[in-house]
Amino acid sequence: MEENKINKKNNILLKVSNITKSYTEKKFLKKTVKNVLKDVSFSLEKGKCLGIIGESGSGKSTLGRILTGIENSDSGFVEFEGKNIHKKENKEIKNDISIVFQNYVSSVNPKFSIAEIISEPLIIETTMKKNEINEELKNLIKDVGLSEEFLERFPNELSGGQLQRVCIARAIATKPKFIMLDEAVSSLDVSTQVEILDLLQKLKKEYNLSYIFVTHDLLTITYICDSVIFFRNGKIEEEISDIKNLKNIKKDYSRKLIDAVIEF
Ligand SMILES: Nc1ncnc2c1ncn2[C@@H]1O[C@H](COP(=O)(O)OP(=O)(O)OP(=O)(O)O)[C@@H](O)[C@H]1O
């Protein structure tokens, strides 16, 4: 039992402890403080996919920005392999973390070719030479299920699903250990969603990745995640550590989210 606990501890990739975050809003010269995240704690095991589901405005994207180091929390901390990601001396952790957003169109520069879009992180974050980058681009585009000729194209010449594949290729380019997927399939039609989720499953194995999938869609979670957190008003309402036990949820709010899917 004790050995189990130690193994589990060694296997933690991301540990989130007591995160709080508030924003101050000005309305008609009056300042109001909105508490968006309230004492949020959880962890992600290596090689796993954790789903975070909640209603619109519950704070999922804010949490995603804090977990990836884009934004600071007011209190609490996020550790990646035991190191605080918000400390300057640990800034190299950023290379181990990537993000894929819902809006693939605004995520890319329309004036850049697909080759330029995918190579951007390789140019910024690695010391690879031009010919090495060109070779790597061919591998990456193939790994996301597109042919080499796509490298010459521009974003407006791709479908939504193809462009999201390009964003995924860019996200895996520097071989991160962790990808935050923020509503990454929500803008796609259902059959393309399944294709992208299958691709993410394949890449998870090939690249040894761990995911957090932030979404309002339970079907996406049941398709790809190992565990799920139900998020409400900036707080964890309930956590199911094995997605197979989803039927054992206790809280009314989680039940409501599940029933909404079943009715659909
Ligand atoms: N930079 C900001 N300044 C002020 N308020 C913000 C900011 N970012 C988020 N908020 C507020 O924080 C709350 C949570 O927003 P967030 O985008 O994290 O929720 P969400 O669960 O991801 O919602 P959705 O699913 O609609 O994207 C909202 O009320 C939002 O208006």
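Please refer to the structure placed before this passage.
Just so you know, these numbers come straight off a predicted model, no measurement behind them.

*Asks:* Looking at this structure, how should I read the packing of aromatic side chains?
*Replies:* Each aromatic ring pair is summarised here by two numbers: the centre-to-centre distance and the angle between the ring planes. Tallied over the entire structure, the rule returns 1 aromatic pair. Aromatic pair F80 and F178: ring centres 6.5 Å apart, planes at 45°, arrangement tilted. On the criterion of sequence distance, the pair formed by F80 in strand 4 (residues 75–80) and F178 in strand 7 (residues 178–182) is long-range, its members being 98 residues apart. The two residues F80 and F178 agree in class, both being buried. The positively charged end of R153 is found above the aromatic ring belonging to F150, 4.2 Å away from the centroid.

*Asks:* What is the right way to look at the nonpolar core in this model?
*Replies:* Nonpolar side chains in soluble globular proteins tend to be buried together. Within the largest apolar cluster, 54 residues are counted, with the highest numbers of intra-cluster contacts made by I118, L200, L203, Y211, F213 and F230. Of all hydrophobic cores here, the second largest spans 25 residues; its members include V78, F178, V214 and F231.

*Asks:* Can you help me understand the pairing of strand 7 in this one?
*Replies:* Taken residue by residue, a regular strand's side chains alternate between the two faces of the sheet. When you tally the buried positions in strand 7, you get 5 out of 5 residues, the bulk of the element. By the alternation rule, side chains of strand 7 split into F178, M180 and D182 and I179 and L181, which are all buried. Sheet topology note: the strand 6 (residues 97–100)/strand 7 ladder contains 4 bridges and is parallel. By the bridge assignment for strand 7, V100 is matched with L181. Note that strand 7 and strand 8 (residues 210–215) share 5 bridges and pair parallel. Considered in strand 8, the bridge of D182 is made with V214. You can see the chain leave strand 7, run along helix 6 (residues 190–206) and come back into strand 8, and the turn it takes is right-handed.

*Asks:* What am I meant to see in a nonpolar patch on the surface here?
*Replies:* Together, V190, V194 and Y223 give the surface a local cluster of nonpolar side chains, amounting to about 260 Å² of exposed area. Locating V194 in the fold gives a position in helix 6.

*Asks:* Hey, could you run me through the site of the ligand in this one?
*Replies:* Around the ligand, the neighbouring residues are Y23, K34, V36, E55, S56, G57, S58, G59, K60, S61, T62 and R65. Taking K34, its side chain carries an N or O atom lying 3.1 Å from an oxygen atom of the ligand. In the environment of the ligand, an oxygen atom lies 2.5 Å from a nitrogen or oxygen atom belonging to the side chain of S56. When the free accessible area of the ligand is taken as 630 Å², the share hidden by the protein chains comes to 63%.

*Asks:* Help me out: how do you make sense of the sheet that holds strand 3 (residues 49–54) in this one?
*Replies:* Strands in a sheet are paired, the pairing made by backbone hydrogen bonds, and the direction either parallel or antiparallel. Strand order in the open sheet formed by 6 strands is 6-7-8-3-9-10, with mixed pairing between adjacent strands. Edge positions in the sheet fall to strand 6 and strand 10 (235–240), since each of these pairs with one other strand and no more. The mean angle between the axes of side-by-side strands here comes to 20°, regardless of whether they run parallel or antiparallel. Relative to strand 8, strand 3 runs parallel, the two being bridged by 5 bridges. When the bridges of strand 8 are listed, L50 appears paired with I212. Each of strand 6 and strand 7 touches helix 5 (residues 160–172); the most contacted strand, strand 6, lies at about 170° to it.

*Asks:* Can you walk me through the state of the cysteines in this structure?
*Replies:* Cysteine pairs can be covalently joined through their sulfur atoms, and such a bond is termed a disulfide. In total, this model carries 0 disulfides according to the counting rule given. Between C225, a free cysteine, and C49, which holds the nearest cysteine sulfur, the sulfur-to-sulfur gap is 3.4 Å. Judged by relative accessible area, C225 falls into the buried class, the value being 4%.

*Asks:* What exactly am I supposed to notice about the pattern of salt bridges here?
*Replies:* Two side chains that carry opposite charge are able to pair once their charged atoms sit near each other. This structure, assessed with the given rule, holds 11 salt bridges. Here K177 ties to E81 by a salt bridge, and the two come within 2.9 Å at their closest N and O atoms. Taken together, the positions of K177 in the loop between helix 5 and strand 7 and E81 in the loop between strand 4 and strand 5 (83–84) put the pair 96 residues apart, joining distant regions of the chain. For K177, a relative accessible area of 32% puts it in the partly exposed group. Of the residues examined, E81 reaches a relative accessible area of 34% and is grouped as partly exposed. Across the pair K175 and E136 runs a salt bridge whose closest N-O atoms are separated by 2.7 Å. Taken together, the positions of K175 in the loop between helix 5 and strand 7 and E136 in helix 4 (residues 130–143) put the pair 39 residues apart, joining distant regions of the chain. K175 gets classed as partly exposed once you look at its relative accessible area, which sits at 43%.

Analysis parameters
- Residues numbered from 1 in each chain as written.
- Predicted model: local features only at pLDDT ≥ 70, side-chain atom pairs only at ≥ 80, totals over all residues.
- Heavy atoms only, no water.
- Phe/Tyr/Trp six-rings, centres within 6.5 Å; stacked < 30°, edge-to-face > 60°.
- Helix = DSSP H or I, 4+ residues; strand = E, 2+ residues; numbered from the N terminus.
- Buried < 20%, exposed > 50% of the residue type's maximum accessible area, 1.4 Å probe, protein only.
- Lys NZ or Arg CZ within 6 Å of the ring centre and 35° of its normal.
- Core = buried A, V, L, I, M, F, W, Y, C linked by side-chain atoms within 4.5 Å.
- Pairing = 2+ DSSP bridges.
- Right-handed = clockwise from strand over helix to strand, strands pointing away.
- Patch = residues over 30% accessible without salt bridge, like charges linked within 9 Å, V, L, I, M, F, W, Y side chains within 5 Å.
- Areas by Shrake-Rupley, 256 points an atom, 1.4 Å probe, with all protein chains shown as cover.
- Salt bridge = Lys/Arg side-chain N within 4 Å of Asp/Glu carboxyl O.
- Near = heavy atom within 4 Å.
- Polar contact = N/O pair within 3.5 Å; in protein donor to acceptor, adjacent residues only side chain to side chain.
- Axes fitted to C-alpha atoms, helices over the stretch in contact; angles between N-to-C directions.
- Contact = heavy atoms within 4.5 Å.
- Disulfide = S-S within 2.5 Å.

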